[in-house]
Amino acid sequence: MPTSQRQTRRSSSSSGKTGRRVGLILDAVFLLAVGLAAAAVWFRWGNPVWWFEETLGLGWIPVAAWVLATLAVARYWPRTLLQFWRFWVAAAALVAITVGSLSYFFAPSGAMSEVSYGGRWGSQVGGYPMPLGIAKLAAIAILTPLVIYPKLVGLKYWAWASWVGLHFWAGVQAVWAGIGRGVRSLLQRRRGNGPTTKPGGKGRGKRKGVSTGGAGNGKSPWGDPEGTDETPAVEPSGVNGNGSGSSLWKLPSTDLLAPPETYAVPQDSLDEMARHIEEALSEHGVAVECSDIQAGPRIVRFGLVPGWTVKGGDAKGKDGAEESRGRSRVKVQTILTREKDLALALRTPYLRIEAAVPGESFIGLEVPNPAPGKVPLRNVMDGQSFSSVAAKGGLPIALGEDAGGTPVVMDLAALPHVLIAGATGSGKSVCINTIVSSFLFTKPPDQLRMLMVDPKRVELTPFNGIPHLIAPVITEADEVNPALRAIMREMFRRYKLMEEAGTRNIAGYNAKAREPMPFLAIIVDELADLMMVGGFEIEQNLVRLAQLGRATGIHLVLATQRPSVNVVTGLLKANIPARVAFAVASQVDSRVILDSVGAEKLLGKGDMLLLNNDSPKPRRVQGTLVLDEEVDKVVEFWLKQEGPPLPVISIEDTEEEEQDFRQVDQDLLAKARELALHNPNVSPSLLERRLKIGGLKAQELIDQLEEEGLVIPV
């Protein structure tokens, strides 16, 4: 072989090796750059998935396809990239238009509920205001062909551009419809909001209306997948992070909460329990039929229909049937007296009989569920009833699920106050956390302000620092009265503004005023401690707020673990119609809070009786469960957010009020001196009764009288 040929082969092989080495080096540099970029995203923004969702939304799919295709062609076929550069520019323009078009659609939850399906980049390419965004997309679609083919100018081009634009918009609409169907299907699978299952009785022929299930009993915000619910739920602005009307604050997403859970009771267990009930009563000559069974998360309610008894033997008519004059219905009282026999047959002491169920023609027998389940907060918040209340601008509370598994939602703005009572460990503190969490998911601080009182220092103090609070959580009892007086000053100020505007309530004022009033919620965790210290003055201030606060948007949430008549007074109960009773120790406590018995038979751990204006009798509800980790996430969300300044509501007394209170103290001291002159052995309890003051104030007066020598020290 000639020398020149050998040299040519060596040079070509060496150049091939050099090219491969350069290619490997470029691949290594590319992988290193991708790794460094991912690490930078992780350390700067946390989870890269969330960063991609916020930055590109669903637009990362076309962007990633274009970038990967460009890198692959540039790596292996660089001449092709240069030769068909017009194709890559047109593809880039198409990707930009796609991402910009996605910016006009928002997800129902998650990060894309705030930044749209197009992400932040899509908002820059398209975005709002919509006319400007559409103009930018149209400019990209029209100017890109001019850049690729500068000589393409004339009528043909404009006709071609119009044809392409129309077909492109039709394609975007078709793709968007497919994405919407896919997202709805995915959310229904994640939330478990399928249709309510209503299995019939097995082998008995008389099990009518048996319903089981938990989260599936709530209506899905996307409608019933089987078409039984044609009206879709209204997603409230902000429940899933979509903002809150004109507010500049962002609301947290329900993704911060634990995913929904479902529960189901085996049908065989329900049939067996129904058989035991019928047999236990029939052995004592009481005929009943279990015609309705509803299985909730903690209890199962059996509907008992009284049967018939025959008088004086079997009276037969001409046609062989029993004559109506010889039959009579089983008395309801006969069934009620067999409560202990039923408890023995069902092997449980926790029975509650409701005679009769409002709106139904049967007696309700509530039995503990053999397979109990929990009710996470998200189960109720994802339901239609919660979304409807939030969309109307109310103050929704995700309270729990009733005996049939239906979500129970209250609007604090319509109640307008609520009183909560229950023994230690019954679920009272969890209920308060549920109420506060419901507010934090639906109302920004410019629409709702809160004042919290926590003498125990552990239940409400984790909420310190959130922008909704008008002051840090009050833990000292002597600071409560000045705070309540400040709230009353704010209430009268609002009444004056509404009088000037010619409106009757806060809703009418906010519809006219340029600066709307926020709701104001006062949450007290332990009322008994305050009543012991503040006495008559605390009660007087709370009653005053309960009487006049509704029209001005001021609402009370009071809780106590000792529902005695000294704490829950008659005047306070008369102004707070909505009451929640958890498990209590005796029937006396149940009568104090509900004016009826039943709370002493509750199971605890969130099992409650709810009494409000919607029902004449208390109804059984299993309270929602919100974990400490979920509360911490919501609080952290609000602590990290910085919004516009909020109006300051001072809770300190003015100079004039301080002078008035000094005068009141002097008057009390003068009255105490007069009592001490007649009785040197006067006690603090006597001062409490005669002067109608709290225990702390009475002890202060006794100490001062001892220093003056008017009272003999014990």
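Residues numbered from 1 in each chain as written. Predicted model: local features only at pLDDT ≥ 70, side-chain atom pairs only at ≥ 80, totals over all residues. Heavy atoms only, no water.

**A few points about the pattern of salt bridges**
Alright, step 1. According to the stated counting rule, one finds 17 salt bridges in the structure shown.
Alright, step 2. Between Asp595 and Arg579 there is a salt bridge, and its shortest N-O distance comes to 3.1 Å. Of this pair, Asp595 sits in the loop between helix H21 (587–594) and strand E14 (607–611) while Arg579 sits in strand E13 (residues 578–581), placing them 16 residues apart in sequence.
Alright, step 3. Taken together, the salt bridges that share partners define one network made up of Arg352, Glu366, Asp607 and Arg620. (Salt bridge = Lys/Arg side-chain N within 4 Å of Asp/Glu carboxyl O. Helix = DSSP H or I, 4+ residues; strand = E, 2+ residues; numbered from the N terminus.)

**So, the side chain of Arg494**
Alright, step 1. Inspection of the secondary structure puts Arg494 in helix H16 (residues 480–501).
Alright, step 2. The class of Arg494 is buried, set by a relative accessible area of 1%.
Alright, step 3. A distance of 2.9 Å separates a polar side-chain atom of Arg494 from the backbone oxygen of Pro518.
Alright, step 4. Excluding its chain neighbours within four sequence positions, the residues that come into contact with Arg494 are Ile506, Met517, Pro518, Leu520, Thr552, Gly553 and Ile554. (Buried < 20%, exposed > 50% of the residue type's maximum accessible area, 1.4 Å probe, protein only. Polar contact = N/O pair within 3.5 Å; in protein donor to acceptor, adjacent residues only side chain to side chain. Contact = heavy atoms within 4.5 Å.)

**Describing the pairing of strand E8 (residues 407–411)**
Alright, step 1. By the bridge criterion, five bridges tie strand E7 (residues 396–402) to E8 in an arrangement that is antiparallel. Looking at the pairing, Ile397 lines up with Met410 of E8.
Alright, step 2. The hairpin turn running from E7 into E8, its antiparallel successor, is four residues long, and Gly405 in that turn takes a positive phi close to 85 degrees. (Pairing = 2+ DSSP bridges.)

**Considering the sheet that holds strand E15 (residues 619–623)**
Sheets are built from strands paired through backbone hydrogen bonds, the pairs being either parallel or antiparallel.
Alright, step 1. Overall, mixed pairing links the nine strands, which are arranged E8-E7-E15-E14-E13-E9-E12-E11-E10 in an open sheet. Two strands in the sheet have a free side with no partner beyond their single neighbour: E8 and strand E10 (448–453). Geometrically, the sheet is characterised by an average inter-axis angle of 25 degrees between neighbouring strands, direction not taken into account.
Alright, step 2. Taken together, the four bridges between strand E9 (residues 418–421) and E13 define a ladder with parallel strand orientation. Across the sheet, Ala421 pairs through a bridge with Ala581, a residue of E13. (Axes fitted to C-alpha atoms, helices over the stretch in contact; angles between N-to-C directions.)

**Quick word on unusual backbone geometry**
Alright, step 1. The omega torsion of the bond from Leu415 to Pro416 falls at 5 degrees, within 30 degrees of zero and hence cis.
Alright, step 2. Mapped onto the secondary structure, Pro416 falls in the loop between E8 and E9.
Alright, step 3. Unusually for a residue other than glycine, Lys605 sits at a positive phi of about 55 degrees.
Alright, step 4. Among the secondary structure elements, Lys605 is positioned in the loop between H21 and E14.
Alright, step 5. The exposure class of Lys605 is exposed, given its relative accessible area of 67%.

**What about empty space enclosed by the protein?**
Alright, step 1. Using the criterion set out here, one finds one cavity of 30 Å³ or more in the structure.
Alright, step 2. Within this model, the largest cavity holds a volume of roughly 40 Å³.
Alright, step 3. Along the walls of the largest cavity sit Pro297, Arg298, Ile299, Glu401, Asp402, Ala403, Asp607, Arg620, Val621 and Gln622, which together make up its complete lining.
Alright, step 4. Residue assignment for the lining of the largest cavity shows that the elements contributing at least two residues are E7 and E15.
Alright, step 5. The element contributing the most residues to the lining of the largest cavity is E15, with three residues.
Alright, step 6. Of the residues in the lining of the largest cavity, the class split is four nonpolar, one polar and five charged. (1 Å grid on protein atoms, 1.4 Å probe; cavity = no way out; pocket = protein on both sides within 12 Å on 5 of 7 lines; lining within 4 Å. Points joined across faces, edges and corners; volume = space filled by probe spheres on them. Nonpolar A, V, L, I, M, F, W, Y, C, P; charged D, E, K, R; others polar.)

**Some details on the packing of aromatic side chains**
Alright, step 1. With the rule as written, the count across this model stands at two aromatic pairs.
Alright, step 2. Between the aromatic rings of Trp249 and Trp638, the centroid separation amounts to 6.3 Å while the plane-to-plane angle is 50 degrees, which identifies the pairing as tilted. Here Trp249 is found in the loop between helix H9 (155–191) and helix H10 (267–282), whereas its partner Trp638 is found in helix H22 (residues 628–640), with 389 residues between them in sequence. For the pair shown, Trp249 and Trp638 are each scored as buried.
Alright, step 3. Aromatic pair Phe637 and Trp638: ring centres 5.5 Å apart, planes at 85 degrees, arrangement edge-to-face. (Phe/Tyr/Trp six-rings, centres within 6.5 Å; stacked < 30°, edge-to-face > 60°.)

**Examining the nonpolar core**
Alright, step 1. Of all hydrophobic cores here, the largest spans 53 residues; its most connected members are Ile420, Phe439, Met450, Met452 and Phe463.
Alright, step 2. Among the elements that take part in this core, helix H15 (residues 428–442) stands out by supplying seven residues, more than any other.
Alright, step 3. Phe439 has contacts with Leu395, Pro396, Ile397, Leu412, Leu448, Met450 and Ala521, leaving out every residue within four places of it along the chain.
Alright, step 4. Counting 43 residues, the second-largest nonpolar core is a separate cluster that includes Ile474, Ala528, Ala546 and Ile593. (Core = buried A, V, L, I, M, F, W, Y, C linked by side-chain atoms within 4.5 Å.)

**Details of the packing of helix H18 (residues 527–534) against helix H19 (residues 536–548)**
Alright, step 1. H19 packs onto H18 with a crossing angle of 125 degrees between their chain directions and a minimal axis gap of 6 Å. Overall, the two elements H18 and H19 adopt an arrangement that is oblique. Contacts between H18 and H19 involve Leu527, Leu530, Met531 and Gly534 on the former and, on the latter, Phe536, Glu537, Ile538, Glu539 and Leu542.
Alright, step 2. A class-by-class count of the residues in the contact of H18 with H19 yields six nonpolar, one polar and two charged. (Parallel < 35°, antiparallel > 145°, perpendicular 65-115°, else oblique.)

**A few points about the confidence of the model for the chain**
Alright, step 1. Across the chain, pLDDT averages 77, with 71% of residues at or above 70.
Alright, step 2. Confidence over residues 313–324 falls short of pLDDT 50; this stretch has ten contacts with residues more than four positions distant or in other chains. (pLDDT = per-residue confidence, 0-100.)

**Quick word on H21**
Alright, step 1. Where H21 is concerned, the buried positions are Asp589, Ser590, Val592, Ile593 and Leu594. Along H21, the residues classed as buried sweep out an arc of 165 degrees about the axis, all on the same side.
Alright, step 2. The secondary structure elements touched by the buried residues of H21 are E9, helix H20 (570–574), E13 and E14.
Alright, step 3. Just beyond H21, the residue with positive phi is Asp595, at close to 65 degrees. (Arc of directions from axis to C-beta.)

**With respect to the packing of H10 against helix H12 (residues 339–346)**
Alright, step 1. Put simply, H10 and H12 touch, their axes get as near as 9 Å, and they point 140 degrees apart. Judged by the angle between their axes, H10 and H12 are oblique. Crossing of H10 over H12 shows right-handed handedness. For the pair H10 and H12, the contacting residues are Met273, His276, Ile277, Ala280 and Leu281 in the first and Leu342, Ala345 and Leu346 in the second.
Alright, step 2. Within the contact of H10 with H12, the residues separate by chemical class into seven nonpolar, one polar and no charged. (Left-handed = near helix turned anticlockwise from the far one by under 90°.)

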